[in-house]
Amino acid sequence: LDFFYILDLSGTLAFAISGASVAMRKKFDLFGIFIIAFVTAVGGGTVRDILVGRTPAGWMTDLNYIYMVNVGTILAILFRKKMAYLSKTLFLFDTVGLGVFTIIGTEIGMSYHLTPLISISLGAISAAFGGVIRDILCNEIPVIFRKEIYATACLLGGSLLIFLTYIHLNKNISYIITIGLIILIRLLAVKFKLALPKIKSD
Amino acid sequence: LDFFYILDLSGTLAFAISGASVAMRKKFDLFGIFIIAFVTAVGGGTVRDILVGRTPAGWMTDLNYIYMVNVGTILAILFRKKMAYLSKTLFLFDTVGLGVFTIIGTEIGMSYHLTPLISISLGAISAAFGGVIRDILCNEIPVIFRKEIYATACLLGGSLLIFLTYIHLNKNISYIITIGLIILIRLLAVKFKLALPKIKSD
Amino acid sequence: LDFFYILDLSGTLAFAISGASVAMRKKFDLFGIFIIAFVTAVGGGTVRDILVGRTPAGWMTDLNYIYMVNVGTILAILFRKKMAYLSKTLFLFDTVGLGVFTIIGTEIGMSYHLTPLISISLGAISAAFGGVIRDILCNEIPVIFRKEIYATACLLGGSLLIFLTYIHLNKNISYIITIGLIILIRLLAVKFKLALPKIKSD
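Residues numbered from 1 in each chain as written. Chains lettered and ligands numbered in written order. Predicted model: local features only at pLDDT ≥ 70, side-chain atom pairs only at ≥ 80, totals over all residues. Heavy atoms only, no water.

This part takes up the nonpolar core. In terms of nonpolar packing, the biggest core is built from 193 residues, with Trp59 and Met60 of chain A, Trp59 and Met60 of chain B together with Trp59 and Met60 of chain C touching the most fellow members. Every residue in contact with Trp59 of chain B, bar those within four places of it in the chain, is listed here: Leu51, Ile118 and Ile125 of chain A together with Phe38, Val42, Thr46, Tyr65 and Ile66 of chain B. (Core = buried A, V, L, I, M, F, W, Y, C linked by side-chain atoms within 4.5 Å. Buried < 20%, exposed > 50% of the residue type's maximum accessible area, 1.4 Å probe, protein only. Contact = heavy atoms within 4.5 Å.)

Moving on, we come to helix α2 (residues 30-52) of chain A. Residue and element names in this part refer to chain A. With 23 residues, α2 extends 33 Å between its outermost C-alpha atoms, agreeing within 8% with the 33 Å of an ideal straight helix rising 1.5 Å per residue. Bending of α2 peaks at approximately 50 degrees at the position of Val42. Among the 23 residues in α2, 20 count as buried, and that is most of the element. Regarding α2, its N-cap is Asp29, as a side-chain oxygen of that residue lies 3.1 Å from the backbone nitrogen of Phe31 further along. Two residues or fewer after α2 comes Gly53, characterised by a positive phi angle close to 80 degrees. (Helix = DSSP H or I, 4+ residues; strand = E, 2+ residues; numbered from the N terminus. Expected span 1.5 Å × (residues − 1). Bend = angle between axes of the 7 residues up to and from the residue. Polar contact = N/O pair within 3.5 Å; in protein donor to acceptor, adjacent residues only side chain to side chain.)

Here we take up unusual backbone geometry. In this chain, Thr55 of chain A is followed by Pro56 of chain A through a cis amide linkage whose omega measures -5 degrees. Structurally, Pro56 of chain A can be placed in the loop between α2 and α3 (64-78). Despite not being glycine, His168 of chain C shows a phi value in the positive range, around 60 degrees. Tracing the backbone through its elements, the reader meets His168 of chain C in the loop between α6 (150-166) and α7 (171-191).

Packed helix pairs are specified by the crossing angle of their axes together with the interaxial distance, meaning the distance between the axes. Residues and elements named next belong to chain A. Viewed as axis vectors pointing N to C, helix α4 (residues 87-111) and helix α5 (residues 116-137) meet at an angle of 140 degrees, and their least axial separation amounts to 7 Å. By the angle between their directions, the pair α4 and α5 is classed as oblique. Here the hand of the crossing between α4 and α5 comes out right-handed. On the side of α4, the interface is formed by Leu98, Phe101, Thr102, Gly105, Thr106, Gly109 and Met110, while α5 contributes Ser119, Ile120, Leu122, Gly123, Ser126 and Ala127. Partitioned by chemical class, the residues of the contact of α4 with α5 number 6 nonpolar, 7 polar and no charged. (Axes fitted to C-alpha atoms, helices over the stretch in contact; angles between N-to-C directions. Parallel < 35°, antiparallel > 145°, perpendicular 65-115°, else oblique. Left-handed = near helix turned anticlockwise from the far one by under 90°. Nonpolar A, V, L, I, M, F, W, Y, C, P; charged D, E, K, R; others polar.)

A separate point is the packing of aromatic side chains. Taken as a whole and judged by the stated rule, the model has 9 aromatic pairs over all chains. With a centroid separation of 5.0 Å and an interplanar angle of 85 degrees, the aromatic rings of Phe15 of chain A and Phe101 of chain A are classed as edge-to-face. Here Phe15 of chain A, found in helix α1 (residues 2-25), pairs with Phe101 of chain A, found in helix α4; they are 86 residues apart in sequence, far enough to count as distant. Neither Phe15 of chain A nor Phe101 of chain A differs from the other in exposure class; each is buried. Note on Phe38 of chain C and Trp59 of chain C: the rings are 4.9 Å apart at their centroids and 85 degrees apart in plane angle, and the pair reads as edge-to-face. Residue Phe38 of chain C is located in helix α2 (residues 30-52), and its partner Trp59 of chain C is located in the loop between α2 and α3 (64-78); the two are separated by 21 residues in the primary sequence. Pair check on accessibility: Phe38 of chain C and Trp59 of chain C agree, each one buried. Three or more aromatic residues joined by ring pairs make a cluster, and in this case those are Phe34, Phe38 and Trp59 of chain A. (Phe/Tyr/Trp six-rings, centres within 6.5 Å; stacked < 30°, edge-to-face > 60°.)

On to the environment of Lys191 of chain A. All names here are of chain A. With respect to the element layout, Lys191 can be found in helix α7 (residues 171-191). Here Lys191 falls in the exposed class, since its relative accessible area comes to 64%. Between the alpha carbons of Lys191 and Gly44 there is a distance of 27 Å; along the sequence they are 147 residues apart.

To continue, consider helix α4 (residues 87-111) of chain B. Under the 1.5 Å per step criterion, the end-to-end length of α4 of chain B is 36 Å for 25 residues, consistent within 8% with the ideal 36 Å. Phi for His113 of chain B, located one or two positions after α4 of chain B, is positive at around 60 degrees.

What follows covers the interface of chain B and chain A. Put simply, an interface is often sized by how much accessible area is lost when its parts join up. Chain B puts 29 residues into the contact, and the matching count from chain A is 30 residues. Of the roughly 2600 Å² buried between chain B and chain A, counting both surfaces, carbon and sulfur atoms make up 73%. Broken down residue by residue, the surface that chain B buries against chain A is led by Asp29, Phe31 and Met60 of chain B, which jointly contribute 25%. Where chain B meets chain A, there are 0 salt bridges. Summed over the shared surface of chain B and chain A, the result is 2 residue pairs in polar contact (both at pLDDT 80 or more). When contributions to the side of chain B that touches chain A are tallied by element, the ones reaching two or more residues are α1 (2-25), α2 (30-52), α3 (64-78) and α5 (116-137) of chain B. (Buried area = accessible area lost by both parts, 1.4 Å probe. Salt bridge = Lys/Arg side-chain N within 4 Å of Asp/Glu carboxyl O.)

This part takes up the state of the cysteines. In this structure the tally under the stated criterion is 0 disulfides over all chains. Of all cysteine sulfurs, the one in Cys138 of chain A lies closest to Cys138 of chain C, which takes part in no disulfide; the gap is 17 Å. Of all cysteine sulfurs in the structure, the one in Cys138 of chain C sits closest to Cys154 of chain C, which takes part in no disulfide; the separation is 20 Å. (Disulfide = S-S within 2.5 Å.)

Evaluation of the coordinates by the stated rule reveals 18 salt bridges over all chains. With a closest N to O distance of 3.1 Å, Glu140 of chain A and Lys26 of chain A form a salt bridge. With Glu140 of chain A in the loop between α5 and α6 (150-166) and Lys26 of chain A in the loop between α1 and α2, the pair connects residues that are 114 residues apart, well separated along the chain. With a shortest N-O distance of 3.2 Å, Arg186 of chain B and Asp94 of chain B are connected by a salt bridge.

Residue and element names in this part refer to chain B. Tracing the sequence through the fold places Ile185 in helix α7 (residues 171-191). Of the residues examined, Ile185 reaches a relative accessible area of 16% and is grouped as buried. Along the sequence, Ile185 and Ala153 sit 32 residues apart, while their C-alpha atoms lie 6.0 Å from each other. Setting aside its immediate chain neighbours within four residues, Ile185 contacts Ile149, Ala153 and Leu156.

All right, on to the packing of helix α1 (residues 2-25) of chain C against α3 of chain C then. Residues and elements named next belong to chain C. Where α1 contacts α3, the two axes come as close as 8 Å, and the packing angle between them is 40 degrees. Viewed along their axes, α1 and α3 adopt a mutual orientation that is oblique. Crossing hand, α1 versus α3: right-handed. Every residue of α3 that contacts α1 at Tyr5, Asp8, Leu9, Thr12, Leu13, Ala16, Ile17, Ala20, Ser21 and Met24 is listed here: Asn64, Tyr65, Met68, Val69, Val71, Gly72, Thr73, Leu75, Ala76 and Ile77.

As structure tokens, then:
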């Protein structure tokens, strides 16, 4: 599980950087930048923990999450002018975070004996809800509802993980395969501009 | 309680349809439509469950709620061009949902030995908060704060239910009377364009 | 603790007045005004209680909080034309609320054996999150992220309280000193137009 914990902290770091970058674009002050980084990084996991009744929430009993958010915020501020060049690195980090949080949420759902469908949903909530809270706090319609294949990747990844658990594949290998699938889906989605169909009412 | 459960699922279905309709108007993608339908339908009950510490939240342990949201989303998409003609049907469904969720929330409050005032508030939260979350996610000021007699109907309905419980009226009959009152208030509010007064500061 | 309870109710009253004032400017109806007053006053404490798993939330088991919100709403409506003249009084009330809620949140964090850093964060969440929810419901970017030294005052106040607890100073005296510091920081911030730096990305 050491491997898993490192992935978890990497995901937190990646999401913190992405949150801080959005907050700087919005001209928030230093505190606002930190808070947006914080909710982007831990918001999804917190909602997940509250939903299953797992309190105090994870970041409240392990300071490493807070440290990761601080490091992410500082990195985002220091390298703010290079973010354009780093966007591919950022995208990869963000996608790793997506994969990791999907796995953690799905695992927690299963450990609470929730059905596969709900466990997968918990995985998607863990991965995507931080970004939703970030967008709400920035007074924007959550980007996830409009154009990203983001949540689809989580849902397919979570489904794969449930299947791999069902056939008793080694956990660490299952995690790597799941993250691989999620990265693949996002890369393909960006490359081929895949998106879910929109349905307009009149 | 079978009767009650059916009402609960009908309310979930009605709220899912109403949520999906709003999301389509906002041009969300398929996933966004489903999520907005979902939070509109189960959001109020989830907030209620979290507030009283009743976790995992209801929809996490009974898949029928998810099925209802799916059915509601599909119906809203299929009949999106007929929604204008169906608006009266929708309004009735929505009002039944309002009544049912008010009753469920108020009952849960009483079962947790909360005071009548707080139980009624829980009823209103169950009924109205799904719509509030829907509006926040769609980046709009919640409609309930501006022009609907919506919450008033919940509060009066909840109060009536507390009274009927106090005089030990048969539960199912109490529920029907309460829903009846809530429907009546909303119909009258629409017919006579009733609204709460606004108070402007300078 | 009687002294503390009175402070708590005063803070609730002050925040309710501030919430109701914002809602009137937004032309909400009577119900909307009450709800905004309510979430501003109890929202921060509710989020705090949910995060540590302290449910039902405080206001659900002690009606005095609801009464304070009602009194605050009525006062804000009655004196809405005099609010401009009363703005200094309001500012003081609001700052007392800030100080009190910071202390309560920090104390609860310590009583749950959370680390000092997390306890201070809980204090800041208690004090500031009601305003964040108010701004979200009013469809505005939370003011706290953009220009106030608000949260900084909470964080410094919470840190001081932890220190005073560590040296075993009498609790009531610690509370008064902490509130004093928070008031002082806000007054200085307003007088000298202090603000945290903004960091713009390109």
